[in-house]
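Below are the chains, spelled out letter by letter.
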Amino acid sequence: MALFLTLPLVAQEDLMGLLDEMEEKTHDYSYAAFKTVRIVNGHSIEIPAPGVLQMLISHRFGRVNTGIYDLFGLDQANMRMGFEYGLSPHLCVGIGRSNIGKTYDSFLKIKLLRQQTGKRNIPITLAGVSSIQASMLKWADLDRVNYFTSRLSYSHQLLIARKFSDRFSFQLMPTMVHRNLVATTAEDNDVFAVGAGARYKLSGSVTLNAEYYYLLPSYTADTYENSLSIGVDIETGGHVFQLLFTNSLGMTENQYVANTDGRWENGDIHFGFNLARVFTVSDQHNKAPKGESEKAW
Amino acid sequence: MFRILLALALILTASGTAHAQKFFTKTGHVSFFSDTQMEDIKAYTHQGAVILNTQTGDVVFSVLMKGFQFEKALMQEHFNEKYVESDKFPKATFTGKITNLAAVKFTQNGTYNATVQGDMNLHGVSKNITTQGKVVVENGKIILKADFPLTIADYNIQIPAAVRDNIAKVVACNVDVTLLPMP
């Protein structure tokens, strides 16, 4: 008897408990594993939101061990300018131009899985990046038949990332670079590497990043260096500044994965920065029909 | 004996439901607006969950922070990641009471002024607030409307110096929810 009498009373007192019971499970996506689309040189799993255009201006200066005469490399500036555009929460396209090798590049980044809890539990975010690079340098040897395809290299990466906590994210990137033409017959057309990157958030707006690409045993691994980079991301509203030190000069995969020749221990270190700026060019992400983001990814 | 007990139980539960006048929604509209000289920031959600007990005047709100939609994706990311820290504090809640219950006739169509007092819990900080609102009773539905200010600093939300001019110190919040009888 007492049971029936007290039931309604209890229910009245704990409306919040009742509200919690009513709650349905949703897709609780993890977000912002990294501040921006690059960890240091290489891609992170982040892509611009749908309808957002991201401009990325990257500079790599000369080696710091050139000393005061070159102001520790600052006299030599190399740059890449790029644009990336988010087509959906899972897809972005990008283009860029780098003065190193007069290279044009273009890529597609696709998120295949998104880290989430709630309705579904997926512990990682999985993305794929495929890019193509065209070096438009004048032909070195005009006497032979030069094909346009000789200018091209390709790279394919899988990005496997997990945001372990609010502060710490980790990413693995198995990478393959294919060059259609290499300088000597000894060199590999295909270069395989495994990259690892991480970020640690120092404060809401500042993170410490590191990235390493390990070349799998090969002629390339014997003659070139593994790329090691550290950087700091500083976010100010719509900008992210990435200040970095790296032993790689190039900013495209065919360069920093397969063509790094600087050695940290010799001081062959380049100071550089990436400046990312977002422009919201279409507010389609808001106009997406209700439930659109609920798709079972 | 068993029959009497059963009958009693039925009567009690039946009368219980008849009197437990609870109204609810899971799709309540909640929005806020930050107005500065630099920019206007607006966000809304249709995922506000509300229960109102018309007998006692008790009212509870629960809003998922990640449900707020902003004009710009980056604002949304910063809101969740840096300001309200949605992973740590996923919800904002309000537990309160309509204090002038006598003035609100939930059984009669009409618009009534109501005073609501209670605890707002946001970003892990609880604060007692009082606000004026309207209760509209319309053919068995109850619509609650209220506008109230929230001072960001009250809730221990840190705004970095770089964007201090872009985000208002006091944001205007709006609640507009339509409640249906709870089954």
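As the structure is a computational prediction, the values presented were derived from the model and not from experiment.

1. Regarding the overall build of chain B
Counting its regular elements, chain B contains two helices and nine strands. Ordered by position in the sequence, the α and β elements of chain B form the string α-β-β-β-β-α-β-β-β-β-β. By the burial criterion, 28% of the 183 residues in chain B qualify as buried. Long-range contacts, defined here as pairs at least 24 residues apart, represent 57% of the contacts in chain B between residues at least 6 apart.

2. Some points on the confidence of the model for chain A
Residue and element names in this part refer to chain A. Residues at a pLDDT of 70 or more form 91% of chain A, whose mean pLDDT is 90. Within the model, the stretch residues 1-12 combines pLDDT values under 50 with 13 contacts to residues more than four positions away or in other chains. Across residues 288-297, confidence stays below pLDDT 50; counting only partners more than four residues off in sequence or on other chains, it has six contacts.

3. Digging into the pairing of strand β8 (residues 152-163) of chain A
Residue and element names in this part refer to chain A. The side-chain alternation of β8 yields one buried face, formed by Ser 153, Ser 155, Gln 157, Leu 159, Ala 161 and Lys 163, and one unburied face, formed by Leu 152, Tyr 154, His 156, Leu 158, Ile 160 and Arg 162. Where strand β7 (residues 125-135) meets β8, 10 bridges bridge the pair, whose relative direction is antiparallel. Considered in β8, the bridge of Ala 134 is made with Leu 152. The turn linking β8 back onto strand β9 (residues 168-179) is made up of four residues.

4. Some remarks on the sheet that holds strand β13 (residues 239-246) of chain A
Residue and element names in this part refer to chain A. Taken together, 12 strands build a closed barrel; the order of strands is β2-β3-β4-β5-β7-β8-β9-β10-β11-β12-β13-β14 and the barrel is antiparallel. On average, each strand axis in the sheet is tilted by 20 degrees relative to the strand beside it, whichever way the strands run. The pairing of β9 with strand β10 (residues 190-203) spans 11 bridges and is antiparallel. By the bridge assignment, Gln 171 is partnered in β10 with Gly 197.

5. Remarks on the nonpolar core
Residue and element names in this part refer to chain B. Core analysis: the largest hydrophobic core is formed by 39 residues, its most contacted members being Val 50, Ile 51, Leu 52, Val 60 and Leu 179. Take this core: its biggest share by element is five residues, from helix α2 (residues 73-83). With near-sequence residues (within four places) excluded, Val 50 lies in contact with Phe 24, Thr 25, Gly 28, Val 59, Val 60, Phe 61, Val 177 and Leu 179.

6. Things to note about the environment of Thr45(B)
Residues and elements named next belong to chain B. As for its placement among the helices and strands, Thr 45 is situated in strand β2 (residues 40-53). Between the C-alpha atom of Thr 45 and that of Gly 28, which follows or precedes it by 17 residues, the distance is 7.8 Å. For Thr 45, the residues in contact, after removing those within four places along its chain, are Val 30, Val 63, Gly 67, Phe 68 and Gln 69.

7. A look at the environment of Leu101(B)
Residue and element names in this part refer to chain B. Inspection of the secondary structure assignment puts Leu 101 in the loop between β5 (91-98) and β6 (110-122). Taking the C-beta count within 10 Å as the criterion, Leu 101 has 16 such neighbours and is therefore assigned partly exposed. The spacing of Leu 101 and Val 116 is 15 residues in sequence and 9.6 Å in space, taken between C-alpha atoms.

Cut-offs and rules
Just so you know, the residues in each chain are numbered from 1, in the order the chain's sequence is written. Here every chain gets a letter starting at A, and every ligand a number starting at 1, in the order they are written. With the structure being a predicted model, the display of local features is reserved for residues of pLDDT at least 70 and the display and counting of side-chain atom pairs for 80 or more, all residues being used for whole-chain, interface and lining totals. Here a strand is any run of E in DSSP of at least two residues, a helix any run of H or I of at least four, and the numbering for each starts at the N terminus. Three exposure classes are used, all based on how many other C-beta atoms lie within 10 Å of a residue's own C-beta (placed from the backbone): buried at 20 or more, exposed at 12 or fewer, and partly exposed between those limits. What counts as a contact here is a pair of residues whose C-beta atoms, placed from the backbone, lie within 7 Å. Known as pLDDT, the predictor's per-residue confidence is scaled from 0 to 100. In this scheme, strands are said to pair when DSSP sees at least two bridges between them. Convention adopted: a line fitted to C-alpha atoms gives each axis, helices being fitted over their contacting stretch, and angles between N-to-C directions are expressed from 0 to 180 degrees. For this entry, the nonpolar core is defined as buried Ala, Val, Leu, Ile, Met, Phe, Trp, Tyr and Cys residues connected by C-beta atoms within 7 Å.

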